[in-house]
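So the chains spell out like this:
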Amino acid sequence: MTVTTLSRQGAIAIVTVNNPPVNALSQALRQGLWDAVATCDADPDIRAVVLICAGRTFIAGADVSEFGKPPMEPHLPDLVNRIEAAAKPWVAAIHGSALGGGFEVAMGCRFRAALDTASVGLPEVGLGIVPGASGTVRTPRLAGVAAAVELVTTGKPLGAAKAQSMGLLDAVVTGDLLQGALDFTLTALEQPLPLPISERPVAAPAPEFWAEQQTAIARRAKGEAAPLRALDCLRKATEAPFAEALAFERATFLDLRGSEQAAALRHVFFAERAAPRPAHLAGVPPLPLRHTGVIGGGTMGAGIAAALRDADLPVVLIERDAEALARGVANLRSIFDAAVKRGRLTADQAEARMAGITPSTDYAALSDTDLVIEAVFEDLSVKHAVFDALGRFCRSDAVLATNTSYLDPRRIAEGLPNPARFIGLHFFSPANVMKLLEIVPVPETAPEVLATGFALGRALGKIPVQAGICEGFIGNRILKRYRMAAESLLRKGVTIAKIDAAMRSYGFAMGPFEAQDLGGLDIAFLQREAARASGQDVPETLGDLLVRAGRKGQKTGAGWYDYAPGDRTPRPSDAVAKLLADRIMPTAAPTDIAAYLVAEMAAEGQAILADGIARNAADIDLVKIHGYGFPRWRGGPMFASGTRG
Ligand code: NAD
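Since this is a predicted model, take the numbers as computed values, not measurements.

Here is what the cut-offs are and how they apply
Per chain, the residues get numbers from 1 upward, laid out in the order the sequence is written. Given that this is a predicted model, residues contribute local features only at a pLDDT of at least 70 and side-chain atom pairs are listed and counted only at 80 or more, while totals for whole chains, interfaces and linings are drawn from all residues. Numbering of helices and strands runs from the N terminus; a helix is a DSSP stretch of H or I covering at least four residues, while a strand is a stretch of E covering at least two. For this measure, only C-alpha atoms enter the radius of gyration; the expected value for a globule follows 2.2 Å times N^0.38, where N is the number of residues. Exposure in this text rests on C-beta crowding, where 20 or more other C-beta atoms within 10 Å of a residue's own make it buried, 12 or fewer make it exposed, and counts in between make it partly exposed. The C-beta atoms are placed from the backbone. Throughout, a pair of residues is in contact if the C-beta atoms placed from their backbones lie within 7 Å. By this rule, a helix spans an expected 1.5 Å times one less than how many residues it contains. When buried Ala, Val, Leu, Ile, Met, Phe, Trp, Tyr and Cys residues are joined through C-beta atoms within 7 Å, the set is termed a nonpolar core. In this scheme, strands are said to pair when DSSP sees at least two bridges between them. Only C-alpha atoms enter the line fits that serve as axes; for helices the fit covers just the stretch in contact. Angles between N-to-C directions range over 0 to 180 degrees. Each domain's extent was defined by an automatic or database domain assignment. UniProt positions are given in the numbering used here, feature names are shortened, and annotations may be inferred rather than shown by experiment. Nearness here has a simple definition: the residue's C-beta atom, placed using the backbone, must lie within 6 Å of the molecule or strand. Ten residue types, Ala, Val, Leu, Ile, Met, Phe, Trp, Tyr, Cys and Pro, are classed as nonpolar, four, Asp, Glu, Lys and Arg, as charged, and the remainder, Gly among them, as polar. Working rule for angles: under 35 degrees goes down as roughly parallel, over 145 as roughly antiparallel, 65 to 115 as roughly perpendicular, anything else as oblique. Rotating anticlockwise by less than a right angle from the far helix to the near helix defines a left-handed crossing, while the corresponding clockwise rotation defines a right-handed one.

Visitor: What is the right way to read the overall build of the protein from this model?
Guide: Looking only at helices and strands, the protein has 26 helices and 19 strands in total. By the compact-globule yardstick of 26 Å for 645 residues, the protein fits well, its C-alpha radius of gyration being 28 Å. Among the 645 residues that make up the protein, the fraction classed as buried is 47%. The long-range share in the protein, meaning contacts at least 24 apart out of those at least 6 apart in sequence, stands at 71%.

Visitor: Is there a simple way to think about helix H12 (residues 299-310) in this case?
Guide: Every α-helix winds through 3.6 residues per turn, so residues three or four apart in the chain are directed the same way. Given a rise of 1.5 Å per residue, twelve residues ought to cover 16 Å, and the 17 Å separating the end C-alpha atoms of H12 matches this to within 8%. Within H12, eleven of the twelve residues are buried, which leaves it mostly tucked inside the rest of the structure. Restricting attention to buried positions, one finds in H12 the residues Met300, Gly301, Ala302, Gly303, Ile304, Ala305, Ala306, Ala307, Leu308, Arg309 and Asp310. Just downstream of H12, Asp312 is the residue with a positive phi angle, here 65°.

Visitor: I would appreciate a short explanation of the nonpolar core in the present structure.
Guide: In globular proteins that are soluble, nonpolar side chains generally tend to be buried together. Counting 189 residues, the largest nonpolar core has Val91, Ile94, Ile304, Ala305, Val372, Ile474 and Ile499 as the members making the most contacts within it. In this view, Ile474 contacts Glu438, Val465, Ala467, Ile608, Ile613, Ala614, Ile620 and Val623; residues no more than four positions away in its chain are not counted.

Visitor: Help me out: how do you make sense of the sheet that holds strand S9 (residues 171-173) in this one?
Guide: Hydrogen bonds between backbone groups are what pair the strands of a sheet, and the pairing can be parallel or antiparallel. Taken in spatial order, the six strands make up an open sheet running S1-S2-S3-S4-S6-S9, and their pairing is mixed. The open sheet is flanked by strand S1 (4-9) and S9, the only strands paired with a single partner. Taken pair by pair, the neighbouring strands of this sheet meet at an average axis angle of 25°, ignoring direction. Relative to the sheet, helix H7 (residues 177-189) contacts S1, strand S2 (12-17), strand S3 (48-53), strand S4 (90-94), strand S6 (111-115) and S9, its axis offset from that of S3 by approximately 160°.

Visitor: How do you make sense of the domain arrangement of the protein when you look at a structure like this?
Guide: Per the domain assignment, the segments making up the protein are domain 1 (4-258), domain 2 (279-466) and domain 3 (475-596). Measuring from the centre of the C-alpha atoms in domain 1 to the corresponding centre in domain 2 gives 42 Å.

Visitor: Explain the UniProt feature "domain: 3-hydroxyacyl-CoA dehydrogenase C-terminal" (unreviewed entry) in the protein here, please?
Guide: Taking the UniProt record as the reference, the feature "domain: 3-hydroxyacyl-CoA dehydrogenase C-terminal" (unreviewed entry) is found at residues 472-563. Counting secondary structure, residues 472-563 comes out at 60% helix and 2% strand; the distance between its end C-alpha atoms is 30 Å.

Visitor: Hey, could you run me through the pairing of strand S15 (residues 422-427) in this one?
Guide: Strand residues, when the strand is regular, have side chains that alternate between the two faces of the sheet. Counting buried residues in S15 gives six out of six residues, a clear majority hidden from the surface. Side chains Phe422, Gly424 and His426 project from S15 onto one buried face, and the interleaved Ile423, Leu425 and Phe427 project onto a second face that is buried too. Of the pairings in the sheet, the one linking strand S14 (residues 399-402) to S15 comprises three bridges and is parallel in character. Across the sheet, the residue bridging to Thr402 is Gly424, located in S15. Alignment of S15 against strand S16 (residues 436-441), held across five bridges, turns out to be antiparallel. The residue of S16 that forms the bridge with Ile423 is Pro441.

Visitor: Help me understand the site of the ligand in this model?
Guide: Looking at the ligand, there are 25 residues lining it, with Gly296, Gly298, Met300, Glu378 and Ser429 nearest. For the shell around the ligand, the secondary-structure elements that each account for two or more residues are H12, helix H13 (322-341) and helix H15 (380-393). When its residues are assigned to classes, the shell around the ligand shows twelve nonpolar, ten polar and three charged.

Visitor: Got a minute to help me understand the sheet that holds strand S7 (residues 119-121) in this structure?
Guide: The strand order S5-S7-S8 describes an open sheet built from three strands, whose pairing is mixed. The two strands at the open ends of the sheet, each matched to only one other strand, are strand S5 (97-99) and strand S8 (158-159). In the sheet, S7 pairs with S8 via two bridges, with the strands oriented antiparallel. Residue Val120 lies in a different strand from S8, and its bridge partner there is Leu158. Against the sheet, helix H3 (residues 101-108) engages S5 and S7, with an angle of about 90° to S5.

Visitor: I'm lost on the UniProt feature "domain: 3-hydroxyacyl-CoA dehydrogenase NAD binding" (unreviewed entry) in the protein in this one. Help?
Guide: What UniProt calls "domain: 3-hydroxyacyl-CoA dehydrogenase NAD binding" (unreviewed entry) maps, in this numbering, to residues 292-467. What you have in residues 292-467 is 41% helix and 20% strand, and the ends, taken at the C-alpha atoms, are 23 Å apart.

Visitor: Would you mind showing me how to read the environment of Gly297 here?
Guide: Mapped onto the elements, Gly297 comes out in the loop between strand S10 (292-295) and H12. When the 28 C-beta atoms within 10 Å are taken as the criterion, Gly297 is described as buried. Expressed as a C-alpha distance, the spacing of Gly297 and Ala338, which sit 41 residues apart in the sequence, is 17 Å. With near-sequence residues (within four places) excluded, Gly297 lies in contact with Ala302, Leu317, Glu319, Ala324, Leu325, Arg327, Gly328, Val329 and Asn331.

Visitor: Explain the packing of helix H5 (residues 145-154) against helix H9 (residues 226-239) here, please?
Guide: Geometry of a packed helix pair, given as the angle between the helix axes and the separation of the axes. In contact at an axis separation of 9 Å, H5 and H9 are set at 155° when each is read in the N-to-C sense. By the criterion of interaxial angle, the relationship of H5 to H9 is roughly antiparallel. Handedness of the H5/H9 crossing: right-handed. Here Val145, Ala148, Val149, Val152 and Thr153 of H5 lie close against H9, whose contacting residues are Pro227, Ala230, Leu231, Leu234 and Thr238. When the residues that make up the contact of H5 with H9 are grouped by side-chain class, the tally is eight nonpolar, two polar and no charged.

Visitor: Explain unusual backbone geometry to me, please; I cannot follow it from the model alone.
Guide: Residues other than glycine predominantly adopt negative phi, and peptide bonds predominantly adopt the trans conformation. The omega torsion of the bond from Glu73 to Pro74 falls at -5°, within 30 degrees of zero and hence cis. Looking at where Pro74 falls in the secondary structure, it is placed in the loop between S3 and helix H2 (76-84). The linkage connecting Ser429 with the following residue, Pro430, adopts the cis geometry, with an omega of -10°. Mapped onto the secondary structure, Pro430 falls in the loop between S15 and S16. With a phi close to 65°, Asp312 is a non-glycine residue in the positive phi region. Of the residues examined, Asp312 has 10 C-beta atoms within 10 Å and is grouped as exposed. Positive phi, close to 50°, is recorded for Phe473, a residue that is not glycine. Its place among the elements puts Phe473 in the loop between strand S17 (463-466) and helix H18 (475-491).

Visitor: Which parts of the structure should I look at to understand the environment of Leu400?
Guide: Turning to its location among the elements, Leu400 is positioned in strand S14. Leu400 sits 28 residues away from Val372 along the chain, and the two C-alpha atoms are 5.1 Å apart. The contact partners of Leu400, leaving out residues within four places of it in the chain, are Val372, Phe387, Leu390, Cys394, Leu416, Arg421 and Phe422.

Visitor: Would you explain the environment of Arg320 in this entry?
Guide: Along the polypeptide, Arg320 turns up in the loop between strand S11 (315-318) and H13. With 17 C-beta atoms packed within 10 Å, Arg320 lands in the partly exposed category. Counting along the chain gives 51 residues from Arg320 to Leu371, while the straight-line C-alpha distance between them is 19 Å.

Visitor: I keep staring at helix H24 (residues 593-610) and nothing clicks. Help me out?
Guide: An ideal rise of 1.5 Å per residue puts 26 Å on 18 residues; H24 measures up with 26 Å between its terminal C-alpha atoms. When H24 is considered as a whole, its buried residues turn out to be Ile593, Ala594, Leu597, Val598, Glu600, Met601, Ala602, Glu604, Gly605 and Ile608. The secondary structure elements touched by the buried residues of H24 are H18, helix H19 (496-506), helix H25 (617-628) and helix H26 (637-640). Positioned one or two residues after H24, Gly612 has a phi angle of 75°, which is positive.

Below, the structure is given as structure tokens:
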């Protein structure tokens, strides 16, 4: 297959890339572009070259199937240099996204024109590496150091308008990209050509700039190496000649590519790509999802409804009475208002989100829904009453889902007229933000209903992971083990603050005790109490002692730590020390606290695999990363502890 074709429009050559699905920079494509430079240079009738891509996007980046294989010529940095050094100026015509190597190719071109809907970026830090084909060296020469730092160290793609305002693009066109690029090229040819980017000067920033950036990025990165190494490259690019900076970038790239962090991030990248379409559901068509319903407008119900609205699905919101319904609607309103405040939504978009909500206390409003998600109190009898009504009022082919965290979905499904349509869809709080969706089929769940759970996950932009039935499914089961292991360290005399600090320096935003204070200690306590009341032998936890003493976390101003009124700063507590004094027996404890706690998580993960609760180790890693704040660049507990599955 030829991945590049050459055509002509007057004196302008058009090089079209066609390497589906995303025009990745495979060896064949690099060779095709390499040869196109020679062909165009040799033709005296050609004055300029437009580089454009077929399909849904410009060159979207490196070819991930070449990851880990020996590099093949022509190498990308050489190709970018060759395009830049071509006798005829090249113009990149960008649609979709020009990312990583794709944007580096665009920077080899003399000009960049993009469709208004396009985005550009250098996302390499997300894979634990830095751009490897001049991204850190050309970007500051093209757009200045501040823009380059933003683009390279965050890895976040930028929309065309923003990219143009930062100097990354020369033109933004609407409508027909090729025509727009040809018009732009003809106009550009009437002016003296700008210097190739590698020959442009770069202004050195103020002396304190690098130190400030270093501090800010280190705080954000929490141990992740690539963003800081990218900053080093950018600094080199402003202080050293082009070729020297390029060599420095290349050396950094090669060093990071072989690093543990890059391996971890590649693992997560591939796991995330695989998760939404698991192999065992290939060929199972999901059911249509056009109308949805949510039962309960509390913390979870409102968040789930917001997530459905973000995916443009209409939602019928059911509550138990008018007052609770008004509260549910107000919860949704405040979610969208907050999004407006943060600039994520315009006021009009927020209105449209709200307009797609039909609040009701009457289950008859659900008669046309394809999927209903229940998020009422965690109480079996309340849930039974809800599903009894759903069984009577919903279409017999509607999917009925529960968001339960700890109840057995099989018990919830008891008595349903059509249990094949029943499934657990476990969202995480805040449900419109958190990426994880645990999908929990019961034995009767039909394959197409399971496939619909995954289709919903895709529609909502979530990471869907299938879980079997056990207490806590995958995520909360490991969380419980993690908390027990943290308490065991505490019993051995390691301080609460030391344990939390160890997990923070491992890369978590919070340690296990701080996190419980934030979320509230009472939920898990009540659950343990309920289990005890039902005759189960649940050993007393240290958390139980705290809750019994009224210390439920930040909401009561006291938990594992003390809190001053209106201040969320955790302060080590003498009261807690007294409360726990006779439970603590200083003995030898693991010195590497984080390694011990992660190994405990992984051990529970192994048990989960052995029980058939998770389909593979990578799914467990995704659960902890996307639902529980496990540092992504560590790859998840299974990867980090050597269970690569
Ligand atoms: P919540 O108390 O904030 O909300 C529950 C809502 O359900 C309330 O608004 C209540 O009025 C409504 N409700 C109660 N009975 C009803 C009925 N018969 N008909 C209609 N509405 C009714 O609780 P939550 O935190 O949103 O939890 C809801 C469910 O989600 C629970 O099963 C919980 O285990 C699960 N869950 C919670 C979290 C979390 O972090 N809070 C995370 C995942 C799953």
